[in-house]
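Analysis of the macromolecular model
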Amino acid sequence: MLQNIPTHLIAGPLGAGKTSLIRHLLGQRPANERWAVLINEFGLIGLDAALLSTDDAGVSMGEVAGGCLCCVNGAPFQVGLGRLLRKARPDRLFIEPSGLGHPAQLLAQLRLPPWRGVLAVQPPVLVLDAQALAGGAELPEAQEQALASAGLLVMNKSAAVDEDRRLWITSRLPKIPLQWVDHGHIDLVDLPVDPLSAVDNSAVDNTVRDEKAPMAPLWTDPAVPLCSYQQAPDGWSIGWRFHPQQRLDTERLQVFLEGLPWCRAKMVVHGRQGWRSANVLAGQALHWEESAWRRDSRIELIFAQARDHAVLQQGMLGCRLLEDH
């Protein structure tokens, strides 16, 4: 029976460094423990699990794509979390809601049936961009609401923030335990713990529906990527999945992306130099890193407003290495 799984909500605005923090924590997994990570995606393609991909057999990943993870009464969340828990039977669970989600609502729902007693929900971690705050950026309303319940504020990207600006930032925040870090580097032992979180087994419910997930679409032409796009109140996203045999020209891709006004770009790409990933906000330089992901190339862009998807599709087709086919 699944009971009292320590569950850590890792929340924060877009680009604050939630994925980097989780990746750093995964590197600290004790050898005798099984861990699981449930990731929300604003878009429909599913990128964060690819960005977090690891060769570690003790870590299982799950995704809820295409919307707000705070809608936990919906079937996608119920099925996604239930399936991940049954597959992984984890000793610890991490949940990363989208930076456009509502973590306070999610936290409240995770403490109710059918999850009460199954999950031992710990005080959430809120990851913030210290450099952006030092420049006067305001927190989105949903993240502002999450401050009251946070057990730890991780002030990421803090190397360039001097002591005076740090004092100014903290004067505007509630008095919550806080760490100034870079690249999401916090120690596992520093995660906040609620000593009372594991006492209620009265409502344990292992009847979460084991419904089948919709089958992922298949490529009718290996040279043409699958493309999905959606409009949401907080933005418009478009994403592509390329056939595993298809490679991309990363230089052409970078030039194409530099000409677009996206707010966020995430990708795992198979190119001439092997598998590379990138995760960048508007105004930042695209920096490629090696990736352990090997299934397919995936690219997701988030815009403030809807774009002509046919034009974007044509531009993306121009980034293919056609000699692969």
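Let us look at the structure shown here. The structure displayed is predicted, hence computed values, not measured ones.

1. Describing the sheet that holds strand β12 (residues 274-281)
With antiparallel pairing, the 6 strands of this open sheet are ordered in space as β9-β10-β14-β11-β12-β13. At either end of the open sheet lies a strand with only one pairing partner, and these are β9 (226-232) and β13 (289-290). When strand β10 (residues 235-242) meets strand β14 (residues 297-303), the two strands line up antiparallel, connected through 7 bridges. For Gly239, the partnering residue across the bridge sits in β14 and is Glu300. With respect to the sheet, helix α8 (residues 250-258) is in contact with β11 (264-271) and β14, its orientation differing from that of β11 by roughly 165°. Along the sheet, helix α9 (residues 309-317) makes contact with β9, β10 and β14, crossing β10 at roughly 35°.

2. Re the pairing of β10
Within β10, 8 of the 8 residues are buried, leaving the element largely enclosed by the surrounding structure. Burial along β10 is two-sided: Gly235, Ser237, Gly239 and Arg241 and Trp236, Ile238, Trp240 and Phe242, pointing in opposite directions, are all buried. Judged from the 7 bridges that link them, β9 and β10 form a sheet pairing that is antiparallel. Looking at β10, one finds that Leu226 is bridged to Arg241. From the end of β9 to the start of β10, which pair antiparallel, there are 2 residues.

3. As for unusual backbone geometry
For the bond running from Pro113 to Pro114, omega is 5°, close enough to zero to count as cis. Counting through the fold element by element, Pro114 comes out in the loop between α4 (103-110) and β5 (119-121). Residue Asn4 is not a glycine yet carries a positive backbone phi of 50°. Among the structural elements, Asn4 can be located in the segment before β1 (5-11). Note on Asn4: relative accessible area 19%, which makes it buried.

4. Considerations on the side chain of Arg92
The topology assignment puts Arg92 in strand β4 (residues 92-96). This buried residue, Arg92, is left without a salt bridge; Glu33 holds the nearest opposite charge, at 4.1 Å. The residues touching Arg92, leaving out its near neighbours within four places in the chain, are Ile5, Pro6, His8, Glu33, Arg34, Trp35, Ala36, Leu188 and Leu191.

5. Topic: helix α1 (residues 18-26)
What α1 keeps buried is the set Lys18, Thr19, Leu21, Ile22, Leu25 and Leu26. Take α1 and look down its axis: the buried residues cluster within an arc of 160°, on one side only.

6. Here's the deal with the side chain of Thr7
Counting through the fold element by element, Thr7 comes out in strand β1. Under the relative-accessibility criterion, Thr7 is labelled buried at 1%.

7. With respect to the nonpolar core
Grouped together as the largest cluster of nonpolar side chains are 22 residues, with contacts concentrated most on Leu257, Met267, Ile299 and Leu301. Among the elements that make up this core, the one with the highest residue count is β10 (4 residues).

8. Comments concerning the pattern of salt bridges
What the rule picks out here adds up to 7 salt bridges. As a salt-bridge pair, Glu138 and Arg172 come within 3.1 Å of each other at their nearest N and O atoms. Taken together, the positions of Glu138 in the loop between α5 (130-134) and α6 (141-146) and Arg172 in the loop between α7 (163-171) and β8 (178-180) put the pair 34 residues apart, joining distant regions of the chain. The class of Arg172 is partly exposed, set by a relative accessible area of 39%. It is possible to trace a salt-bridge network through shared partners that takes in Arg241, Asp296 and Arg298.

9. A short note on the packing of aromatic side chains
For the structure on display, the rule yields 3 aromatic pairs. Aromatic side chains Trp236 and Phe303 sit 5.9 Å apart centroid to centroid with 50° between the ring planes, which places their arrangement in the tilted category. Taken together, the positions of Trp236 in strand β10 and Phe303 in strand β14 put the pair 67 residues apart, joining distant regions of the chain. Taken together, the aromatic side chains of Tyr229, Trp236 and Phe303 make up a single cluster linked through ring pairs. The ring of Trp168 carries Arg165 above its face, with NZ or CZ at 4.2 Å from the centroid.

10. Some remarks on the environment of Pro174
The residue Pro174 is located in the loop between α7 and β8 in this model. With relative accessibility at 38%, the residue Pro174 sits in the partly exposed group. Linking Pro174 and Leu153, residues 21 residues apart in sequence, is a C-alpha distance of 9.8 Å.

11. Observations concerning the pairing of β4
When you tally the buried positions in β4, you get 5 out of 5 residues, the bulk of the element. Residues of β4 alternate between two faces, with Arg92, Phe94 and Glu96 on one and Leu93 and Ile95 on the opposite face, all of them buried. With 3 bridges joining them, β1 and β4 adopt parallel strand pairing. Across the sheet, the residue bridging to His8 is Phe94, located in β4. The pairing of strand β2 (residues 35-40) with β4 spans 5 bridges and is classified as parallel. Bridge pairing in β4 links Ala36 to Leu93.

About the criteria used
- Think of each chain on its own: its residues are numbered from 1, step by step along the sequence as written.
- The predicted origin of the model limits local features to residues at a pLDDT of at least 70 and limits the giving and counting of side-chain atom pairs to 80 or more, whereas totals for whole chains, interfaces and linings rest on all residues.
- No hydrogens and no water enter the side-chain calculation; it runs on all heavy atoms of the structure.
- In this description, strands pair whenever DSSP reports at least two bridges between them.
- Helix and strand definitions follow DSSP, with helices as H or I runs of at least four residues and strands as E runs of at least two, each counted in order from the N terminus.
- Contacts are residue-level and defined by heavy atoms, with any inter-residue pair within 4.5 Å sufficient.
- Angular values range over 0 to 180 degrees, each being the angle between N-to-C directions of two axes fitted as lines to C-alpha atoms, with helices fitted over their stretch in contact.
- Between buried and exposed lies partly exposed: a residue is buried under 20% and exposed over 50% of the maximum accessible area for its type, with that area taken using a 1.4 Å probe on protein chains only.
- Counting rule applied: Lys, Arg positive; Asp, Glu negative; His and chain ends not counted.
- Think of a salt bridge as a Lys or Arg side-chain nitrogen and an Asp or Glu carboxyl oxygen that are within 4 Å of each other.
- In this description, one arc is meant: the one made by directions from the helix axis to the C-beta atoms.
- Here, the term nonpolar core denotes a set of buried Ala, Val, Leu, Ile, Met, Phe, Trp, Tyr and Cys residues that are joined through side-chain atoms within 4.5 Å.
- Each aromatic pair joins two rings of Phe, Tyr and Trp (for Trp, the six-membered one) with centres within 6.5 Å, and gets the label stacked for planes under 30 degrees apart, edge-to-face for over 60, and tilted for any other angle.
- A ring is scored as having a charge over it whenever the NZ atom of a lysine or the CZ atom of an arginine sits within 6 Å of its centre and within 35 degrees of its normal.

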